[in-house]
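Each chain, letter by letter, is given below.
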Amino acid sequence: MTKVPVVLDLGCGSNKVDGAWGFDCRRTTGIDVLADIERGLPVKSNSVDVVWVRHVLEHVRDLIGLMEELSRICRPGGRVEVVVPYYTSRGAFRDPTHVRYITEDTFQYFEPPTDYGIRTSFRIERIVYDVRKPFRWLPAYLQKRCRRYLWNVVDNMSVTLRVDKDTAS
């Protein structure tokens, strides 16, 4: 018997990932669980295989608290798929509901050993940048330089975090 993976889509609105349980703080089409994700997740520990958080983390006031919750609910080996506006993009600044700007370095704080007593167990597995034209045709080393020193080179950043509870601090 094949085990069906448990997949959550946090803050999905009406754009839920197929096969996922949709969580949101507003009732709309596709929402399965009405919940404020900043007040904890009504999910058992070590029970989730995949969590999607697409264009959500930049709205969260207590990012550390939410990341600790994600670490708690994910099974060892589970993953968290994140999509956020890149910190130097127009999209990061234009939405007045954004409370933070996120870089690739932000996620290093959630890898063991964590500083400041953060209770998470993530490993950064992959980072993909949504590079704008004409920068996407440049070699990778030039894209990196442009991404770091120029504005609006990257629109969004997709990050895959893997749960590694054996190394949790």
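As a reminder, the structure under discussion sits directly above these lines.
Colleague: What is the right way to read the overall build of the protein chain from this model?
Modeller: Within the protein chain, the regular secondary structure consists of 3 helices and 7 strands. Across the protein chain, helices and strands are ordered from the amino to the carboxyl terminus as β-β-β-β-α-β-α-β-α-β. A compact globule built from 169 residues should have a C-alpha radius of gyration of about 15 Å, and the protein chain, at 16 Å, falls within 12% of that. Dimensions of the protein chain, computed from the C-alpha atoms along their principal axes, are close to 45 × 40 × 35 Å. Within the protein chain, the proportion of its 169 residues that are buried is 43%. If you take every contact in the protein chain between residues at least 6 apart in sequence, the share linking residues at least 24 apart comes to 64%. Put simply, the protein chain shows about 9,700 Å² of open surface, and 51% of that area lies on carbon and sulfur atoms. If you average the places of the 26 positive and of the 22 negative side-chain charges in the protein chain, the two averages end up 3 Å apart.

Colleague: What am I meant to see in the nonpolar core here?
Modeller: Across soluble globular proteins, nonpolar side chains show a tendency to be buried alongside one another. By size, the foremost hydrophobic cluster in this structure holds 36 residues, and its most contacted members are Leu10, Val51, Leu57, Leu70, Ile73, Val80 and Val82. Contributions of two or more residues to this core are made by strand E1 (7-10), strand E4 (48-54), helix H1 (63-73), strand E5 (74-85), strand E6 (122-131) and strand E7 (154-163). Look past the residues within four positions of leucine 10 in its chain and what remains in contact with it is Phe23, Ile37, Leu41, Val51, Trp52, Val53, Val56 and Leu70.

Colleague: Please explain the pairing of E4 as it appears in this structure.
Modeller: Within a regular strand, the side chains alternate between the two sheet faces. Of all the 7 residues making up E4, 5 are buried; the element is thus mostly covered by neighbouring parts of the structure. One ladder, built from 4 bridges, connects E1 with E4; its direction is parallel. Directly across from aspartate 9, in E4, lies its bridge partner tryptophan 52. Once the chain exits E4 it traverses H1 before rejoining the sheet at E5, and the crossover so formed is right-handed.

Colleague: Looking at this structure, how should I read the packing of aromatic side chains?
Modeller: How two aromatic rings sit relative to each other is given by the distance of their centres and the angle of their planes. A complete count under the given rule lists 4 aromatic pairs for this structure. Here the aromatic residues Tyr86, Tyr87 and Tyr129 are joined through ring pairs into a cluster of three or more. Positioned above the aromatic ring of tryptophan 137 is the side chain of arginine 136, whose terminal nitrogen or guanidinium carbon lies 5.8 Å from the ring centre. Over the ring of tyrosine 129 we find arginine 147; its NZ or CZ atom is 3.8 Å from the centre of that ring.

Colleague: How should I be thinking about helix H3 (residues 140-149) in this particular structure?
Modeller: Since the α-helix advances by 3.6 residues per turn, residues separated by three or four positions end up pointing in the same direction. If you check which residues of H3 are buried, you get Gln143, Cys146 and Arg147. An end-on view of H3 places all buried positions within 100° of arc, on one side of the element. Looking at H3, the residues exposed on the side facing more than 90 degrees away from the buried face are Tyr141 and Tyr149. Elements that come into contact with the buried residues of H3 comprise E6 and E7.

Colleague: What am I meant to see in the sheet that holds E7 here?
Modeller: Strand pairing in a sheet takes place through backbone hydrogen bonds and is either antiparallel or parallel in direction. Taken in spatial order, the 7 strands of this open sheet run E3-E2-E1-E4-E5-E7-E6, and their pairing is mixed. Every other strand in the sheet has two partners, leaving strand E3 (33-34) and E6 as the edge strands with one partner each. Lying on the sheet, H1 is in contact with E1, E4, E5, E6 and E7; it crosses E5 at an angle near 145°.

Colleague: I would appreciate a short explanation of the pattern of salt bridges in the present structure.
Modeller: Oppositely charged side chains are able to pair whenever their charged atoms sit close together. Tallied over the entire structure, the rule returns 14 salt bridges. A salt bridge links aspartate 36 to arginine 39, with the shortest nitrogen-to-oxygen separation between them at 3.3 Å. On the accessibility criterion, aspartate 36 (34% relative accessible area) is partly exposed. When the shortest N-O distance is used, the salt bridge between arginine 75 and aspartate 49 registers 3.0 Å. Taken together, the residues arginine 75 in strand E5 and aspartate 49 in strand E4 connect sequence positions 26 residues apart. Its relative accessible area of 25% is what places arginine 75 among the partly exposed residues. Each of the salt bridges in this network shares a partner with another, and the network as a whole consists of Lys3, Asp49 and Arg75.

Calculation criteria
Residues numbered from 1 in each chain as written. Predicted model: local features only at pLDDT ≥ 70, side-chain atom pairs only at ≥ 80, totals over all residues. Heavy atoms only, no water. Helix = DSSP H or I, 4+ residues; strand = E, 2+ residues; numbered from the N terminus. Rg over C-alpha atoms; globule rule 2.2 N^0.38 Å. Buried < 20%, exposed > 50% of the residue type's maximum accessible area, 1.4 Å probe, protein only. Contact = heavy atoms within 4.5 Å. Areas by Shrake-Rupley, 256 points an atom, 1.4 Å probe, with all protein chains shown as cover. Lys, Arg positive; Asp, Glu negative; His and termini not counted. Charge placed at Lys NZ, Arg CZ, Asp CG, Glu CD. Core = buried A, V, L, I, M, F, W, Y, C linked by side-chain atoms within 4.5 Å. Pairing = 2+ DSSP bridges. Right-handed = clockwise from strand over helix to strand, strands pointing away. Phe/Tyr/Trp six-rings, centres within 6.5 Å; stacked < 30°, edge-to-face > 60°. Lys NZ or Arg CZ within 6 Å of the ring centre and 35° of its normal. Arc of directions from axis to C-beta. Axes fitted to C-alpha atoms, helices over the stretch in contact; angles between N-to-C directions. Salt bridge = Lys/Arg side-chain N within 4 Å of Asp/Glu carboxyl O.

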